[in-house]
Amino acid sequence: MSRRDVIGYVPSFRLQRFRLHILCLVAAAMWLVAASVTRAAAPVTVGGPFTLTAPNGTAVTDQTYRGRWLLVFFGYTFCPNTCPTTLLEIATTLEKLGSDAEQLQAIFITIDPARDTPSVLAAYTGSFDSRIVGLTGTDAQIADVAKAYGAYYAAHQNGPRADDYVMDHGTYIYLMNPQGNFVRAFDADTGGEHIAKSVREAIKRDRRGAVHDRSGAMRGGTL
Ligand SMILES: [Cu+2]
């Protein structure tokens, strides 16, 4: 290699390295854009269609409750602590909502359908507030609705008999709007007063949105 070649070689090597950096930056930027597009195209959804059994033994679906706000909580009647505490807070929510509670349906979906029959559930939810509806279903129906809400559950044997088991389960309370869309979730230890305040705000926001939509439609009609 001549001296001239060496002098020429160094800058061109630097240039190549610089180009490589630019390429890496462009590739990283493209990856970021692609990733955000993928996220936008596949938003995480909570809720969805379900078919379950009401306390009177009849089938109910998500459509049954369309037009009402929903507070959805998954649990089971043998639960030693989380479920009773949460249902107490949901009962408080209904009490604090006053007449606004008429727009809301609180639903307790069992993740232990083997033990939680419709009548067991009715007696249980009724002991907190008669307005809370306990829903059960087949194993497959419960698995489907829990999956739709992203609610985890699993049985743990804690004794020799078949029904010696406890259930681990997710503890979010889900607020759904009258169109069946997810609005927000509350941790199970959220106080009923706080939940009631949030529900009332969501109802108000929704009303304002509806008025806005209507005025928009009217403007559209007069033009
Ligand atoms: Cu529980």
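Residues numbered from 1 in each chain as written. Predicted model: local features only at pLDDT ≥ 70, side-chain atom pairs only at ≥ 80, totals over all residues.

Novice: So what exactly am I meant to see when it comes to helix H4 (residues 139–149) here?
Specialist: Count 3.6 residues to each turn of an α-helix, and residues three or four apart come out pointing the same way. Turning to H4, its buried residues number three or more, namely Ile142, Val145 and Tyr149. The buried residues of H4 occupy an angular sector of 70° when the element is viewed end-on, so they sit on one face. In H4, the exposed residues that point more than 90 degrees away from the buried face are Asp139, Ala140 and Lys147. Those residues of H4 that are buried lie in contact with strand S1 (51–53), strand S3 (69–75), strand S4 (104–110) and strand S8 (173–176). Looking at the residues trailing H4, positive phi occurs at Gly150, about 65°. (Buried ≥ 20, exposed ≤ 12 C-beta atoms within 10 Å, placed from the backbone. Helix = DSSP H or I, 4+ residues; strand = E, 2+ residues; numbered from the N terminus. Arc of directions from axis to C-beta. Contact = placed C-beta atoms within 7 Å.)

Novice: How should the nonpolar core be read in this particular structure?
Specialist: A general feature of soluble globular proteins is that nonpolar side chains tend to end up buried together. One finds Leu71, Val72, Ile107, Ile109 and Ile173 to be the most contacted residues of the largest nonpolar core, which totals 39 residues. Elements supplying a minimum of two residues to this core: S3, helix H2 (82–97), S4, strand S5 (132–135), H4, S8 and helix H5 (192–222). Of all the elements, S3 adds the most residues to this core, at six residues. When sequence neighbours within four positions are dropped, the list of residues in contact with Ile173 reads Leu71, Phe73, Thr86, Ala185, Phe186, Ala188 and Ile195. (Core = buried A, V, L, I, M, F, W, Y, C linked by C-beta atoms within 7 Å.)

Novice: Any chance you could explain the pairing of strand S6 (residues 153–157) here in plain terms?
Specialist: Consecutive side chains of a regular strand alternate in pointing toward one face of the sheet and then the other. With zero of five residues buried, S6 is to be regarded as a mostly surface element. Pairing of S6 with strand S7 (residues 165–169) involves five bridges; the strand directions are antiparallel. When the sheet's bridge partners are listed, Ala154 is paired in S7 with Asp168. (Pairing = 2+ DSSP bridges.)

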